[in-house]
Amino acid sequence: MTLRLRSHLHKLRSSALALCGIWGVATLFGQNDGVASRLSSLEDYLARAQAANPQLDAFEKRYQAATQRIPQAAALPDPMLQVTSFVESVQTRNGPQENALMVNQRIPWFGKLDAREKATSEQAEALWYAYQGQQLMLARMVSKMYYEYGYTQRATQLTRENLDLLAQLEPIVEEKVKAGGDLNALLRLKVEIGKVNDRLQSLQQKRVTQSAQLSELLALPVSTLLPWPEWQKPGLVSPRATSLLESIEVNNPQLQMLERKIASAEARIELAKLESRPDFTVGLNYVQIGDLDTPAMSVDSGKDAWGVTFGVNIPLWSKKNHAAQAEAASSQQAIQSEYQNRLNALKADLASSLSSLTDANRRLELYGEELLGLAEQAVENSRTSYQGGRTGILEVIDSERSLLELQLLYWRAAADAWQQLVAAQTLANQPILGTFQATQSK
């Protein structure tokens, strides 16, 4: 079999594999639906996630449910209506007692309802900030996956370009072999083409996985193959650490949620103290009196009786009340410690993100302004030298491989920079790249 025939068979086999892979993806995932086809920018992805993610909707519904507990906590206990029908009537001088009606209303000690309402209200506020925190967490996850998906796009594009460039070398090497050149050069080139083609196929499968993960966050069918995102490398932006730290302490929803929980615990402490105070009960009694057999014996024969009652419970078991106060105080201290721990963790996360952002910016400058240009020049020189017979195919392959690796490192740094910038902004609850901000109004 001639070298040219083997080359044609290799190309046909590669094309067939590529077509089979594309056909398999198209068969498994079908066409993009209408929603997915309109997704391109990060703003599109974030808007879709905030509108459709079911986990985020669950957080919102929990907050709405909590707000309905506030009027319940502030309301008086239900009044008690008691009706008594005498099986054997009690005889009075005005006649026999036939039925009795009693209505009682319990009134908590002054301040108990207010404390209970405040504890419930602050707890509902905490759930609001939990909802806001979930919005930011979702936005961060979507943004991270978006730029991972974008990096896969760049890697796929660059790998395909590299594969095409290597394929262009194949007929040149074949001609040299026909002219008596070393057959090993052609074999090495084919091996390299096979390796690059394998990388390309892996990237295509990686796209399927990442698309499914993004679709889950966007509440789209996992059978949807999302289109490639539209993104570019970021500018060299370095947010001020001091400003972000201040914003974290003031605006981070996780800290605000814990602050509301602390306030709720304080209200529960006050309520536990008030439990040692008695509650009052006021009521109205009405007794239906029947007629006397001899009405002349009383001028008030058959006249109904009524009366007003007043009662007070006796908080006798002080040990129970002291335990309730101690429980509420310990709960408050636990949340305060949790707050401090969360603050320390957020500061560490911010420091890590800013450090990673600085490193990504450094790599962008290094690869973009220095190394990529040198690598491109090296590829041109090695190709020219090989065609002129001054160097071997290995130098050409190495230069092509080095250029591809540097291009991948450059776009990896670009994706890292975007991801770390988003991470810092979500920690401080700032607008994400000027396109998205968590809901502010309750």
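Parameters at a glance
Residues numbered from 1 in each chain as written. Predicted model: local features only at pLDDT ≥ 70, side-chain atom pairs only at ≥ 80, totals over all residues. Heavy atoms only, no water. Phe/Tyr/Trp six-rings, centres within 6.5 Å; stacked < 30°, edge-to-face > 60°. Helix = DSSP H or I, 4+ residues; strand = E, 2+ residues; numbered from the N terminus. Buried < 20%, exposed > 50% of the residue type's maximum accessible area, 1.4 Å probe, protein only. Lys NZ or Arg CZ within 6 Å of the ring centre and 35° of its normal. Contact = heavy atoms within 4.5 Å. Salt bridge = Lys/Arg side-chain N within 4 Å of Asp/Glu carboxyl O.

Undergrad: Explain the packing of aromatic side chains to me, please; I cannot follow it from the model alone.
TA: Each aromatic ring pair is characterised by the separation of its centres together with the angle its planes make. As enumerated under the stated definition, the model contains 13 aromatic pairs in all. Both rings, one in Phe110 and one in Phe280, keep their centres 6.3 Å apart while their planes meet at 50°; by these two values the pair is tilted. Of this pair, Phe110 sits in the loop between strand E2 (95-107) and helix H6 (112-178) while Phe280 sits in strand E3 (residues 280-289), and the two are 170 residues apart along the sequence. Assessed through its relative accessible area of 64%, Phe110 is described here as exposed. Ring-pair connections join several aromatic residues into one group, and the members of that group are Tyr45, Tyr146, Tyr147, Trp231, Tyr410, Trp411 and Trp418. The ring of Trp411 has Arg154 sitting right over it, with the charged end atom 4.2 Å from the ring centre. Over the ring of Tyr151 we find Arg412; its NZ or CZ atom is 4.6 Å from the centre of that ring.

Undergrad: How do you make sense of the environment of Leu189 when you look at a structure like this?
TA: With respect to the helices and strands, the residue Leu189 is situated in helix H7 (residues 183-217). Judged by its relative accessible area of 0%, Leu189 falls in the buried class. Each C-alpha atom, one on Leu189 and one on Leu163, is 11 Å from the other, the two residues being 26 residues apart in sequence. Those residues in contact with Leu189, other than ones at most four positions away along the chain, are Leu166, Leu169, Glu170, Val173 and Ile397.

Undergrad: What exactly am I supposed to notice about the pattern of salt bridges here?
TA: Side-chain pairs of opposite charge can arise whenever the charged atoms involved come near each other. A full pass over the atoms with the stated rule returns 19 salt bridges. In this structure, Asp279 and Lys112 form a salt bridge, with 2.8 Å as the shortest nitrogen-oxygen distance. Residue Asp279 is located in the loop between helix H9 (253-274) and E3, and its partner Lys112 is located in helix H6; the two are separated by 167 residues in the primary sequence. Glu122 is the salt-bridge partner of Lys118, the closest N and O atoms lying 3.2 Å from each other. Of this pair, Lys118 and Glu122 are both found in helix H6, 4 residues apart, which corresponds to roughly one turn of the helix.

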